[in-house]
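Remarks on the overall topology
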Amino acid sequence: MSVSPQVPTPGQTVEFTITARNDGTSDAFGVVVANTLPAGLAAAPGLAPFPSTGWYEPATGRWTIGTLARGASAELVLPVVVATTSQPPCLVAVARSELAGDIEDSNNRAAAAVKRTADDRCVDLRFRAPALRPSGCGGTLFALYSVTLVNEGPDAAHDVLVDLSQAQPALPNVVFFGDDCAGTRCSIPMVPAGTRRTFEAGSDAFENPAGRTVTITVAASSSDYEYASDDNQRTDPLWIDASPKCNEGLAIGLSGCFIATAAYGSPLEPHVQVLRDFRDRHLRRSAAGRALIELYYRYSPPVAVVIARHASLRLVTRALLTPLVFAIEFPAQGATVVALILLGGFLGGRRVLRSRA
């Protein structure tokens, strides 16, 4: 979606151009694009919308395209004027495609803004459904919370703050992971338009003998103009099942790699996934491996929280874990790398001892 001119003079006609394209491998049937104009914009007198195909209903804002062949595109031109004497920094039009069976919904929305000045920036921060994943067993249950922030644009959002709070009863000492985060706040210099960013937070270890609900609120703000500020905060009641016993927890499968997640910032980070796969494919197949996993789940959560709070500890932990991950992914080369690291540590230790002798 584009607009011209972006900064109109009073009474000047503005044209929004919406382009719909079928990027799929099959023809699309029954394609409809819903267009929403803000209250400060109105249809230009004496000028009609012009669709390259299909028809447009001004009363509903629906552009019915019909069939859109694979690789084909269609355009709609909407002439409007600014219809308010007190123009806000941004008047944003939004278009959404509607098609059942669309397998990729991340590109089904477009926006463009009429601005009061060329320096104004227009953003829409919103949260996708968060998730709470308790992991562990017995008295060492550890909650990992994740939430995804989306900037719907049309401009990049600057100086973005993401804050987390809880209602009572609350999870103990929840903190965000990641280099841009400290405690219950994350501070991000910029979130580009149309992009998503996932934030992870973890709690201290806690006991949960009976199932309960915790209520977590996340809120986002930016130094730029938020034209749809009703969706940049989200409050969700999230259910936590009763803590399983350690042997039951291992039987049903535990998801947390606490220390690696704290070090790398996300359970979806490739290094963390390598360690998780090694746990599931190798350690769980032997009694010794299962005992090691149980020991890890008993004592790693508080260590992970300490690591998550300090950037220097995250850096050191990543430096220690990365050779291990490499050795797991590439056993032949990894053995050589680990041997060299151990040799370097041994020689370095000898130098230190000699210098002290």
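Higher on the page you've got the structure.
Below, the structure is looked at part by part.

Conventions and cut-offs
- Residues numbered from 1 in each chain as written.
- Predicted model: local features only at pLDDT ≥ 70, side-chain atom pairs only at ≥ 80, totals over all residues.
- Heavy atoms only, no water.
- Core = buried A, V, L, I, M, F, W, Y, C linked by side-chain atoms within 4.5 Å.
- Buried < 20%, exposed > 50% of the residue type's maximum accessible area, 1.4 Å probe, protein only.
- Helix = DSSP H or I, 4+ residues; strand = E, 2+ residues; numbered from the N terminus.
- Contact = heavy atoms within 4.5 Å.
- Axes fitted to C-alpha atoms, helices over the stretch in contact; angles between N-to-C directions.
- Parallel < 35°, antiparallel > 145°, perpendicular 65-115°, else oblique.
- Left-handed = near helix turned anticlockwise from the far one by under 90°.
- Nonpolar A, V, L, I, M, F, W, Y, C, P; charged D, E, K, R; others polar.
- Pairing = 2+ DSSP bridges.
- Disulfide = S-S within 2.5 Å.

1. A short note on the nonpolar core
Ranked by internal contacts, the top residues of the largest apolar core, which has 29 residues, are L132, Y145, V162, L171 and F199. Of all the elements in the fold, those that place two or more residues in this core are strand 12 (125-135), strand 13 (142-151), strand 14 (157-167), strand 17 (185-191), strand 18 (196-202), strand 19 (212-221) and strand 21 (233-240). Other than its neighbours up to four places away in sequence, Y145 contacts P130, A131, L132, L164, F199, E200, A201, I216, V218 and L238. Grouped together as the second largest cluster of nonpolar side chains are 22 residues, V14, A74, L78 and A93 included.

2. Focus: the packing of helix 3 (residues 270-281) against helix 5 (residues 311-329)
As a packed pair, helix 3 and helix 5 sit with axes 10 Å apart at the nearest point and diverge in direction by 55°. If you check the angle between helix 3 and helix 5, you find them oblique. Judged by the sense of rotation from one axis to the other, the crossing of helix 3 with helix 5 is left-handed. Contacts between helix 3 and helix 5 involve H271, V274, L275 and F278 from the former and T322, L324, V325, I328 and E329 from the latter. Taken together, the residues of the contact of helix 3 with helix 5 break down into 6 nonpolar, 2 polar and 1 charged.

3. Describing the sheet that holds strand 10 (residues 109-115)
Spatially, 5 strands are ordered 6-7-3-9-10 in an open sheet, and the strand pairing comes out antiparallel. Two strands lie at the open edges of the sheet, namely strand 6 (55-57) and strand 10, each paired on one side alone. Averaged over all adjacent pairs, the angle separating strand axes in this sheet is 20°, with direction ignored. Here strand 3 (residues 28-36) runs beside strand 7 (residues 62-68); their pairing, made up of 5 bridges, is antiparallel. Each bridged residue has a counterpart across the sheet, and for V31 the counterpart in strand 7 is G66.

4. Side note on the state of the cysteines
If you walk through the whole model with that rule in mind, you get 2 disulfides. Between the sulfur atoms of C90 and its disulfide partner C122 the distance amounts to 2.0 Å. Since a negative S-S torsion denotes a left-handed disulfide, the C90-C122 link at about -85° is left-handed. Of this pair, C90 sits in strand 9 (residues 90-98) while C122 sits in strand 11 (residues 122-123), placing them 32 residues apart in sequence. Comparing C90 with C122 shows no difference in burial state: the two are buried. In the protein chain, numbering the disulfide-bonded cysteines from first to last in sequence yields the connectivity 1-2, 3-4.

5. Re the pairing of strand 7
As paired elements, strand 6 and strand 7 share 3 bridges and run antiparallel to each other. Looking at strand 7, one finds that Y56 is bridged to W63. Hairpin connection of strand 6 to strand 7: 4 residues between the antiparallel strands, including G61 at a positive phi of 75°.

6. A word on unusual backbone geometry
Of note, the bond from S4 into P5 is cis; its omega dihedral lies within 30 degrees of zero at -10°. By secondary structure assignment, the location of P5 is in the loop between strand 1 (2-4) and strand 2 (14-21). Here the bond from G153 into P154 is cis, since omega is 10°, no more than 30 degrees from zero. Here P154 is to be found in the loop between strand 13 and strand 14. Here D159, not a glycine, exhibits a phi torsion of approximately 50°, which is positive. Its place among the elements puts D159 in strand 14. Its identity is not glycine, yet N173 carries a phi of approximately 55°, on the positive side. For N173, the position within the fold is in the loop between strand 14 and strand 15 (175-176).

By themselves these figures say nothing about function.
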